[in-house]
Amino acid sequence: MAKAKTVWYCTSCGNEYPKWMGQCPACGEWNTMVEEPKAAPSGKAAAPSRTRGYVSTEKDARPQPLSEISMSEESRFSIGIEEVDRILGGGMVRGSMILIGGEPGIGKSTLALQIPMNCPDIKTLYVSGEESLRQLKLRAQRLGSDECDCLVLSETLLENIIARAQEVNPDLLIIDSIQTIFSETIESSAGSVSQVRECAAALLRYAKESNTSVILIGHITKDGAIAGPKILEHIVDVVLQFEGDTRGAYRILRSIKNRFGSTAELSVFEMTGKGLREVSNPSEMLIPMHQENLSGIAVAAMMDGTRPLLIEIQSLVSTAAYGVPQRSATGFDVRKMNMLLAVLEKRAGFRLGSKDVFLNIAGGLRISDPACDLAVIAAILSSNFDISVSADSCFSAEVGLSGEIRPVSQVERRIAEAAKLGFKKIYISSFNKKDSFARNDNIEVIAVSDVAELCRKLFKA
Ligand code: TYD
Ligand code: MG
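Residues numbered from 1 in each chain as written. Chains lettered and ligands numbered in written order. Predicted model: local features only at pLDDT ≥ 70, side-chain atom pairs only at ≥ 80, totals over all residues. Heavy atoms only, no water.

Student: Looking at this model, I keep getting lost on the overall build of the protein. Mind explaining?
Tutor: Assigned secondary structure in the protein consists of 11 helices and 23 strands. A total of 461 residues make up the protein; the buried ones form 49% of that total. Within the protein, residue pairs in contact and separated by at least 24 positions form 66% of the contacts whose partners lie at least 6 positions apart. Roughly 22200 Å² of accessible area belongs to the protein as shown, and the carbon and sulfur atoms make up 51% of that amount. (Helix = DSSP H or I, 4+ residues; strand = E, 2+ residues; numbered from the N terminus. Buried < 20%, exposed > 50% of the residue type's maximum accessible area, 1.4 Å probe, protein only. Contact = heavy atoms within 4.5 Å. Areas by Shrake-Rupley, 256 points an atom, 1.4 Å probe, with all protein chains shown as cover.)

Encoded structure:
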């Protein structure tokens, strides 16, 4: 018998090659090749194997002026969960495809099932390739309303799913999960690069042709990438990522890509015994109220997209027990922390070279707003001196390589949010123009120009 033909796929970009290579010539990633049976082109039924997105195949498609394109088709609908609507940029666009990624057990299926429950007006078809209908019913009961009219289907064959969807013609099609779906036209097993790619492409074609919105649920690999090829992220319109500690109660939904809105948005959910609950004021959850003053804690006033967010930063500085001091950060870039430590050492004369430094961001959040720099430095110094930062102070500024405290954008909104949450002092850069924000009587704005000045004002040192 002739040997079955195989090809090598890059798991990062989805390109195919006749032989293994250490580095993918297309995307430059190393060690991403996997061997899979070649997708057999069986006449017309075979899906195009290099679909990179939705391309109209209408013969009479003509270029049109943007101004004359009618918007009626691009209408949005609310999916009943306010925070998700906000991330999507004001509801879901008809005919769009959304990918929700996250680790196992984070709550992807729960969120997906809560959509039709919160919004009975939308005709939804929920296809589960992972759970039986009984399991879905049990989950619905757990969520508190199993009287919902949402249609459910337990199926993994792509062709059947599309046929059922065409019969039912739903407004919203949910696929849980894309890695369990397979197409007959491709030989490799479900979850392989070629299956994921072709199934997603076929569902995209269905979405655009029938103007149905599709939500794909996707698994995540150990290093945080959505399993299957990166191409999945290219062809969908929106990528939402569920993050957080599966043992903790809080989950963060973040938009990574959004063709219809901003990618800087984030929302927080709490996993309760009755499903996910929206946390509409995340700052309250991120700053625990302390009974006593502890050292090593500082609060940063950061921006998350369009929303100001106050977040607690914890640090622990201790004498290194072993020769090489440990530096570790959770939720914050370690290289950035090392840079801030070098600034403290070189520009302000603190001897931290022989100390272990640990940094932790409250609530399992990952932060990248440079405005958190000042709070990070304040937390580290506070732990180093073992003097607490007063619990009614917060910080919002970037720290430069020469130890200067640099201004940040939208400082007025940050100040307002801090005042709203009851903070009495906020430390910002002295380069933030005083007249660029209105005076706020409830909070004292303290301007600092360099690290040494921060130290004097904060610790009277
Ligand atoms: P699930 O949505 O199955 O996760 P995923 O689809 O991302 O793998 O959520 C699983 C976790 O959520 C599970 O550990 C149980 C928990 N959970 C609750 O705490 N409360 C609930 O009401 C539900 C439905 C699940
Ligand atoms: Mg699931």
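Student: Is there a simple way to explain helix α4 (residues 158–168) in this structure?
Tutor: The periodicity of an α-helix, 3.6 residues per turn, causes residues three or four positions apart to be oriented the same way. Residues of α4 that are buried: Leu158, Ile161, Ile162 and Ala165. Seen from one end, α4 has its buried residues packed into an arc of 95 degrees, which puts them on one side. For α4, the elements touching its buried residues are β7 (124–128), β9 (172–176) and α5 (193–210). A positive phi of about 50 degrees marks Asn169, the residue just after α4. (Arc of directions from axis to C-beta.)

Student: Honestly, the sheet that holds strand β2 (residues 16–17) in this entry has me stumped. Any pointers?
Tutor: Two strands in a sheet stick together by hydrogen bonds in their backbones, pointing the same way (parallel) or opposite ways (antiparallel). Taken in spatial order, the three strands line up as β2-β1-β3 in an open sheet, and their pairing is antiparallel. Each having just a single partner strand, β2 and β3 (33–37) make up the two edges of the open sheet. In the packing of α5 onto the sheet, the strands contacted are β1 (6–10), β2 and β3, and the crossing angle to β1 comes to about 70 degrees. (Pairing = 2+ DSSP bridges. Axes fitted to C-alpha atoms, helices over the stretch in contact; angles between N-to-C directions.)

Student: Can you walk me through the packing of aromatic side chains in this structure?
Tutor: The way to describe two aromatic rings as a pair is by their centre distance and the angle between their planes. One pass over the full model with this rule turns up four aromatic pairs. On the numbers, 5.6 Å between centres and 65 degrees between planes, the contact of Phe350 with Phe385 is edge-to-face. Within this pair, whereas Phe350 is found in the loop between α8 (334–348) and β18 (355–361), its partner Phe385 is found in helix α9 (residues 373–385), the two being separated by 35 residues in sequence. Their ring planes at 15 degrees and their centres at 5.0 Å tell us that Phe395 and Tyr427 sit as a pair that is stacked. With Phe395 in strand β19 (residues 393–396) and Tyr427 in strand β22 (residues 425–429), this residue pair connects regions lying 32 residues apart in the sequence. Taking relative accessible area as the criterion, Phe395 reaches 0% and is therefore assigned buried. (Phe/Tyr/Trp six-rings, centres within 6.5 Å; stacked < 30°, edge-to-face > 60°.)

Student: Got a minute to help me understand α9 in this structure?
Tutor: The end-to-end C-alpha distance of α9 is 18 Å, a good match for the 18 Å that 13 residues give at a rise of 1.5 Å each. In terms of burial, α9 is largely enclosed, as 11 of its 13 residues are buried. Along α9, the residues that are buried comprise Asp373, Leu374, Ala375, Val376, Ile377, Ala378, Ala379, Ile380, Leu381, Ser382 and Ser383. Taken from the residues just after α9, Asp386 is the one with a positive phi, measuring 60 degrees. (Expected span 1.5 Å × (residues − 1).)

Student: Whenever I open this one, the pairing of β7 confuses me. Can you help?
Tutor: Sheet faces and side chains relate simply in a regular strand, where the side chains alternate between the two faces. Of all five residues in β7, five are buried; the element is thus mostly enclosed. Of the two faces of β7, both are covered, the one formed by Thr124, Tyr126 and Ser128 as well as the one formed by Leu125 and Val127. Relative to β9, β7 is paired through five bridges, and the arrangement is parallel. In the strand pairing of β9, Ser128 is matched with Asp176. In the sheet, β7 pairs with strand β8 (residues 151–154) via four bridges, with the strands oriented parallel. Counted as the bridge partner of Ser128 is Ser154 from β8.

Student: Help me understand the sheet that holds strand β10 (residues 213–219), please; the structure alone is not making it clear to me.
Tutor: Strand order in the open sheet made by the nine strands is β8-β7-β9-β10-β6-β11-β12-β13-β14, with mixed pairing throughout. Two strands in the sheet have a free side with no partner beyond their single neighbour: β8 and β14 (275–279). Within the sheet, the average angular offset between the axes of one strand and its neighbour, ignoring direction, is 25 degrees.

Student: Explain the environment of Ile428 here, please?
Tutor: You can see Ile428 is positioned in strand β22. With relative accessibility at 1%, the residue Ile428 sits in the buried group.

Student: Just checking my understanding: could you explain the site of ligand 1 for this structure?
Tutor: In the vicinity of ligand 1, 16 residues are found, and the nearest of them are Gly105, Ser109, Thr110, Thr272 and Gly275. Contact between ligand 1 and Gly107: an oxygen atom at 3.0 Å from a main-chain N or O atom of the residue. At 3.1 Å, a backbone N or O of Gly273 approaches an oxygen atom of ligand 1. Contact with the protein chains removes 75% of the 560 Å² of surface that ligand 1 exposes when unbound. Counting residues per element, the ones that place at least two in the shell around ligand 1 are α2 (108–118), α3 (133–142) and β13 (266–272). (Near = heavy atom within 4 Å. Polar contact = N/O pair within 3.5 Å; in protein donor to acceptor, adjacent residues only side chain to side chain.)

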